[in-house]
Amino acid sequence: MRNDHIFYSRVSGAQPEPEEIARHMARARRMRSEAVHGYLARAVAWIRGALRSTRAPNGPVGQCC
């Protein structure tokens, strides 16, 4: 897969400047970081919900003989 899709608008075939490449790469890293943070937050919420439903009740539990 090619990673130069950001520069498809360059019809004349001019190569991007190093500053432009660095800016786009920084934006891609930031977007990737935000996405991973969102996925981890959802996973933690799901795990907390799963653990909450399996905890023992707070009150005393009757025993059968």
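Details of the structure are given in the entry above.
Cut-off values and rules
- Residues numbered from 1 in each chain as written.
- Predicted model: local features only at pLDDT ≥ 70, side-chain atom pairs only at ≥ 80, totals over all residues.
- Heavy atoms only, no water.
- Helix = DSSP H or I, 4+ residues; strand = E, 2+ residues; numbered from the N terminus.
- Buried < 20%, exposed > 50% of the residue type's maximum accessible area, 1.4 Å probe, protein only.
- Areas by Shrake-Rupley, 256 points an atom, 1.4 Å probe, with all protein chains shown as cover.
- Patch = residues over 30% accessible without salt bridge, like charges linked within 9 Å, V, L, I, M, F, W, Y side chains within 5 Å.
- Salt bridge = Lys/Arg side-chain N within 4 Å of Asp/Glu carboxyl O.

**What to know about the overall build of the chain**
For step 1, the next point in the chain: Looking only at helices and strands, the chain features one helix and zero strands.
For step 2, the next point in the chain: Buried residues in the chain amount to 6% of all 65 residues.
For step 3, the next point in the chain: For the chain, the accessible surface area stands at approximately 6500 Å², while carbon and sulfur atoms represent 59% of it.

**Quick word on a nonpolar patch on the surface**
For step 1, the next point in the chain: Together, Trp-46, Ile-47 and Leu-51 line one region of the surface with nonpolar side chains, adding up to about 360 Å² of accessible area.
For step 2, the next point in the chain: Position of Ile-47 relative to the elements: it lies in helix α1 (residues 18-54).

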